[in-house]
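Geometric and topological summary
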Amino acid sequence: MPSDRLGGAEEPGPIRSEPGSLLEHVVVAVFGIDGEDRVCYWGPGAQNLFGHEAGSVLTRPAAVLFPEPAPGDGPGTAAHLAERARTLGYWRVRLPALHRDGSVFDCGFRVFPMTGASGASVVIGLASRGDELDRVKTNLSFLDALFETCPIGLVMLDEELRYVHLNQALADMDGIPLDAHLGRRMADIMITSDGGEYQRMLRSVAEEGRTVIGTLVGLRTPGHPDRDQVRSVSFFPLSGAGDTRRGLGGLLLDVTDREQAILEATAARQRLALLDRAAAGIGTTLDLNTTARELVGAVVPEFCDASVVELVEWMDENEAFDPALPVTTRRIASGTTLPEPAVELVGGLEEVTYPPGSHIHQMLGTGRPLCFTVDEDFATRTVVHRERAQLLLDSGLTCILMAPLIARGTVQGIAMFGRSAARPAFAEEDLGLAGELASRAALCLDNARLYGRVRDIALTLQRALLPSAPAAGPYVDISHRYLPGSRGTEVGGDWYDAITLPDDRVALVVGDVMGHGVPAAAAMGRLRITAKTIARHTAEPAALIEELDACAQEAGIEWATFLYLLYDPHTGRARLANAGHPPPLIRHRDGTVHAIGDVLGVPLGVGGVPYRSIEIEIPEGATVALYTDGLVEARGQDIDTGIDALRDQLRAPMGSLEEGADRILANLLPDTATDDTVLVLARISAVPGRTPGTGTGSPRRASS
């Protein structure tokens, strides 16, 4: 803070209090009194208040600032002021002060002691004219009273549209405590469905300085999530005086009753928005349970407080609905925002039976959504067990909307939506929305059901055509795994086999037919049976693949990878041919792993390209790993990265082949694999009397 001292006076001027339109014209004089009650400091604002220049007052007794005391009144005012400051540490008082021109005026003082670098104590005084202080107090009292008693919502926002100050009237409108607003963005409290137009309007006030008067806004707040409101809002920019940040002020008035048309339009937009979100979010997979959970997640809590989805367990899908028979359902999804016992009510059962004459029967009989009040009659007619009926009555639900899930002329199930007393009862428009939601969900559920049926057929065919326990002879131990893709994907054409041949030879086979579903499974079966038949009559792997390629072209199989490895335990050598399949890996007893990847032909079904085979030596105790691309290929990852990961897994201590296979699959496959996976581990043993080979698994010669 600049000061005026002897020998160098600066331009006099007031020291402002904290910036603001109410306080910026209040002059604050700053002065200091030393231990001998003399003026030792004279701030720039002191001359404006007392009329003395710095050179004429510094080092003089501070009594010059006050009127002469009456005879017998004891120490002068300046000495008393300094004594109070030193004794109390801080003192505030209103006293008469003396201007240089001889006039006396009312003045407010705040005094406190300070110790300088030399250790000397100085009393610092702050002084302002009493009438100016009174004016500020009056203005502040007016503002305080306005914020406390005004029935219109008042608010101050910063540049980021966060609450800085608001009155109780606005907090009551929002249904949220006043303190819970501070620091939060207005968009978190005033939730609109206008595509961000309201927020853009506020930003134009904050950034461009424009003023908004009487704009109508439809909204909801977290404090009143079931109540649509219309408010008339006016906003104006704040000045940002001094070094304070800019912002905006606002006045908000609830005009909901006056603007029912806007309210209805807001509700309609919200219903359409919910329907759009549900259409995009329901049916993202071909899984029944996931689709049902997506429907529940779309409606709770925006549309209702609780929801369940149930599939009807028909004895025969073609049978007609008989209202005289019970209806049995399987609950596959549920959700609620209500506390117990509502949680137990919606999630405590998997199989539900509704007696004849229930409201479920009434709804299924009409084929349309229906709404019912939750009372004794509803609970008695709908719920079989008395304990469950009491749970329903105690759950807090006051009305339930039921909608049939009908797709392709068949009732797939039931969707139920419940509301508590905190929300208004379902209206006619809500019945239409529930019907649209149910129709969308029913079609997705039926697609998932049909897909599941086809997938089960393909998986059954796939497993029937794969070897259950391939025999590999006395010199090769086999561990094999086949894993179909996750529930949301179709069965592929992955396959494997181990073929025993004369003279203790063993052929290890792995392949992958392009495509999914029943056609891929059928093509896989044809190739497996054909390969097994040809292997018994063809000793050369390359010749076998050429025969298999011709058969694939005749059968219309356009693309299939295939790997054939023929091992002779008497020589310790193997011959290998490959039709576009990932290369096999060989793990030696010392833990080193090598890939046999220098022989690679085109896939089966392409035709026109000759195949060749190579011969390699496989040492005793080595383990050969055959696999399909589902194990090493993933979206966004190069297949070489996956093969390197498999190589790392094979380097680890193997133990038994079964343990090794389980460990490899657990470490490499994600929880939701998108493709089928085959893994075959074959451990080589020596024929008694044969000298163990010392090869490294590298090829020795090739033929075509």
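For the structure, check the block above.
A brief look at the structure comes next. Along each chain, the written sequence defines residue order, and numbers are assigned to residues from 1. Per-residue local features of the predicted model are confined to residues with pLDDT of at least 70, and side-chain atom pairs are confined, for both listing and counting, to 80 or more; whole-chain, interface and lining totals are unaffected and use all residues. To obtain the side-chain values, all non-hydrogen atoms of the structure were used and water was disregarded.

1. With respect to the nonpolar core
Grouped together as the largest cluster of nonpolar side chains are 32 residues, with contacts concentrated most on Leu295, Val299, Phe303, Val309, Leu405 and Phe417. Considering every element that reaches this core, the biggest residue donor is helix 15 (residues 428–465), with nine residues. Among all residues touching Phe303, those that are not within four sequence positions of it are Leu274, Phe417, Arg419, Arg423, Phe426, Asp430 and Leu433. By nonpolar core we mean a set of buried residues, namely Ala, Val, Leu, Ile, Met, Phe, Trp, Tyr and Cys, connected to one another through side-chain atoms within 4.5 Å. Each residue is assigned to one of three classes by its accessible area relative to the maximum for its type, calculated with a 1.4 Å probe on protein chains only: buried under 20%, partly exposed between the two thresholds, exposed over 50%. Membership of the second largest hydrophobic core comes to 29 residues, among which are Ile33, Val57, Ala82 and Val93. Under the scheme used here, helices are H or I runs from DSSP no shorter than 4 residues and strands are E runs no shorter than 2 residues, and both carry numbers assigned from the N terminus. The contact definition used throughout considers only heavy atoms, calling two residues in contact when any of these lie within 4.5 Å.

2. Quick word on a nonpolar patch on the surface
A surface patch of nonpolar side chains, about 300 Å² in accessible area, is lined by Met514, Trp559 and Val606. Using a relative accessible area of 39% as the deciding quantity, one classes Val606 as partly exposed. Candidate patch residues must exceed 30% relative accessible area and have no salt bridge, after which like charges are joined if within 9 Å and Val, Leu, Ile, Met, Phe, Trp or Tyr side chains if within 5 Å. Residue exposure ignores everything except the shown protein chains as possible cover, and the areas themselves are Shrake-Rupley values with a 1.4 Å probe. Should a side-chain nitrogen of Lys or Arg be within 4 Å of a carboxyl oxygen of Asp or Glu, the pair is scored as a salt bridge.

3. What about the side chain of Asp549?
By the element assignment, Asp549 lies in helix 17 (residues 541–554). In this charge count, Lys and Arg are treated as positive and Asp and Glu as negative; neither His nor the chain ends contribute. Of the buried charged residues, Asp549 lacks a salt bridge, with Arg526 as the closest side chain of opposite charge at 14 Å. Those residues in contact with Asp549, other than ones at most four positions away along the chain, are Pro603, Leu604, Gly605, Val606, Gly607 and Tyr611.

4. Some details on the pattern of salt bridges
One pass over the full model with this rule turns up 28 salt bridges. One salt bridge in this structure joins Asp37 and Arg86, with 3.8 Å as the shortest N-O distance. A residue pair is termed long-range when its members are at least 10 positions apart, and Asp37 in the loop between strand 1 (29–33) and strand 2 (39–42) and Arg86 in helix 3 (residues 77–88) qualify at 49 residues. Since its relative accessible area comes to 23%, Asp37 is described here as partly exposed.

5. A look at the side chain of Ser613
Considering the arrangement of structural elements, one finds Ser613 in strand 24 (residues 613–617). What qualifies as a polar contact is a pair of N or O atoms within 3.5 Å, subject to a donor-acceptor requirement within protein and to the restriction that residues adjacent in sequence count only when both atoms come from side chains. A polar contact of 3.1 Å, which involves the side chain of Ser613, links it to the side chain of Arg575.

6. Some details on helix 12 (residues 359–366)
Restricting attention to buried positions, one finds in helix 12 the residues His359, Ile360, His361, Met363 and Leu364. Looking at the buried residues of helix 12, the elements they touch are strand 12 (327–336), strand 13 (351–354), strand 14 (370–373), helix 13 (376–382), strand 15 (397–407) and strand 16 (410–420). Immediately beyond the C-terminal end of helix 12, within one or two residues, lies Gly367, with a positive phi of roughly 75°.

7. Some words on the sheet that holds strand 5 (residues 121–129)
Spatially, five strands are ordered 2-1-5-4-3 in an open sheet, and the strand pairing comes out antiparallel. Both edges of this open sheet fall to strand 2 and strand 3 (91–98), since each of them pairs with a single strand only. The average angle at which neighbouring strand axes cross in this sheet is 30°, direction not considered. One bridge is not enough; two strands pair if DSSP finds at least two bridges between them. In the sheet, strand 4 (residues 104–115) pairs with strand 5 via nine bridges, with the strands oriented antiparallel. Bridged to Phe112 within strand 5 is Ile124. Every angle, taken between N-to-C directions, lies between 0 and 180 degrees, and every axis is a line fitted to C-alpha atoms, over only the stretch in contact when it is a helix. Together, strand 1, strand 3, strand 4 and strand 5 form the strand contacts of helix 3, whose direction differs from that of strand 3 by roughly 170°.

Without other data, these values stay purely geometric and don't point to any function.
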